[in-house]
Amino acid sequence: MTSNGDEQYERGLEALRQADSGAGQKLLEALADVSPELSYRSVAWSYGDLYVRPELARRDRELLCLGVLTALGDTGAQLEVHVNGALNAGLTPSEIVEALLQAVVYCGVPRAVNATLVAKKVFAERNLLPVHPTPAG
């Protein structure tokens, strides 16, 4: 690793800490004994380079991540990280649920249901259930 790589990784770790309430760290720890390089690259590149770019607000990046991860399917661990990140970036549980509901049209019912169940798990851990719709207006 170069010193630039170390700076990139440290910048990524800080962005991950701000974003995810610990779920990302759990994922990195799960990779540590099988692929520490994947763990390192995920932090350095995804968070240290891309996540911190100023062109999109963190809230917008998290909303985008929720949609993409829902569309991909079978991304429960990553969705957990980004539901936490979305909450930490200022999205409300109701907004997250609405985004996942919107995904039904493009991703299908099973993927939207699975993503919503991941969100429900995070909401329960953060004592945010039941979710109430945001009043119209």
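See the structure shown above.
All of the points below concern the structure found in this document. (Residues numbered from 1 in each chain as written. Predicted model: local features only at pLDDT ≥ 70, side-chain atom pairs only at ≥ 80, totals over all residues. Heavy atoms only, no water.)

**A look at the overall build of the protein chain**
Secondary structure summary: the protein chain contains 7 helices and 0 strands in total. Taken against the 2.2 N^0.38 rule, which gives 14 Å for 137 residues, the C-alpha radius of gyration of the protein chain at 15 Å falls within 12% of a compact globule. Across the 137 residues of the protein chain, 36% fall into the buried class. Considering only contacts within the protein chain whose residues lie at least 6 apart along the sequence, 71% involve residues at least 24 apart. Here the protein chain displays about 8,100 Å² of accessible surface, and carbon together with sulfur accounts for 58% of that area. Charge-centre separation for the protein chain: the mean point of 12 positive side chains lies 4 Å from the mean point of 17 negative side chains. (Helix = DSSP H or I, 4+ residues; strand = E, 2+ residues; numbered from the N terminus. Rg over C-alpha atoms; globule rule 2.2 N^0.38 Å. Buried < 20%, exposed > 50% of the residue type's maximum accessible area, 1.4 Å probe, protein only. Contact = heavy atoms within 4.5 Å. Areas by Shrake-Rupley, 256 points an atom, 1.4 Å probe, with all protein chains shown as cover. Lys, Arg positive; Asp, Glu negative; His and termini not counted. Charge placed at Lys NZ, Arg CZ, Asp CG, Glu CD.)

**Details of the layout of surface pockets**
Here the idea is plain: a probe the size of a water molecule rolls over the atoms and shows the empty space left. Quantified by volume, the largest pocket comes out at close to 510 Å³. When contributions to the lining of the largest pocket are tallied by element, the ones reaching two or more residues are α2 (23-32), α3 (36-51), α4 (58-72) and α5 (76-88). Broken down by class, the residue content of the lining of the largest pocket amounts to 14 nonpolar, 5 polar and 1 charged. (1 Å grid on protein atoms, 1.4 Å probe; cavity = no way out; pocket = protein on both sides within 12 Å on 5 of 7 lines; lining within 4 Å. Points joined across faces, edges and corners; volume = space filled by probe spheres on them. Nonpolar A, V, L, I, M, F, W, Y, C, P; charged D, E, K, R; others polar.)

**Section: the side chain of E62**
By secondary structure assignment, the location of E62 is in helix α4. Here E62 sits buried without a salt bridge, and the closest side chain of opposite charge, R58, lies 5.4 Å off (N-O distance). Within the structure, E62 has its side chain in polar contact with the side chain of H82 (distance 2.7 Å). In this structure E62 touches A19, Y51, H82, G85, A86, A89 and L91, once residues within four positions along its chain are discounted. (Salt bridge = Lys/Arg side-chain N within 4 Å of Asp/Glu carboxyl O. Polar contact = N/O pair within 3.5 Å; in protein donor to acceptor, adjacent residues only side chain to side chain.)

**What about the environment of P135?**
In this fold, P135 is placed in the segment after α7 (109-125). The sequence separation of P135 and R53 amounts to 82 residues, and the corresponding C-alpha distance is 33 Å.

**A closer look at helix α6 (residues 93-107)**
Since the α-helix packs 3.6 residues into each turn, any two residues three or four apart lie on the same face. Across its 15 residues, α6 extends 20 Å between first and last C-alpha, which sits within 8% of the 21 Å expected from 1.5 Å per residue. Taken residue by residue, α6 has P93, S94, I96, L100, A103 and C107 as its buried positions. The secondary structure elements touched by the buried residues of α6 are α4, α5 and α7. (Expected span 1.5 Å × (residues − 1).)

**Some thoughts on the packing of α4 against α6**
Relative orientation of the contacting elements α4 and α6 amounts to 40°, with a least axis distance of 9 Å. Accordingly, the angle class assigned to the pair α4 and α6 is oblique. Crossing geometry of α4 relative to α6 is assigned as right-handed. Counted together, R59, L63, L66, T70 and A71 of α4 and E95, I96, A99, L100, A103 and C107 of α6 form the full contact between these two elements. (Axes fitted to C-alpha atoms, helices over the stretch in contact; angles between N-to-C directions. Parallel < 35°, antiparallel > 145°, perpendicular 65-115°, else oblique. Left-handed = near helix turned anticlockwise from the far one by under 90°.)

**Re α4**
Spanning 15 residues, α4 covers 21 Å between terminal C-alpha atoms, matching the ideal 21 Å at 1.5 Å per step. Those residues of α4 lying buried are R61, E62, L66, L69 and T70. End-on view of α4: buried residues confined to an arc of 165°, all on one side of the axis. Relative to its buried face, α4 has exposed residues pointing more than 90 degrees away, namely L64 and L72. (Arc of directions from axis to C-beta.)

Worth remembering: the numbers are spatial, not functional.
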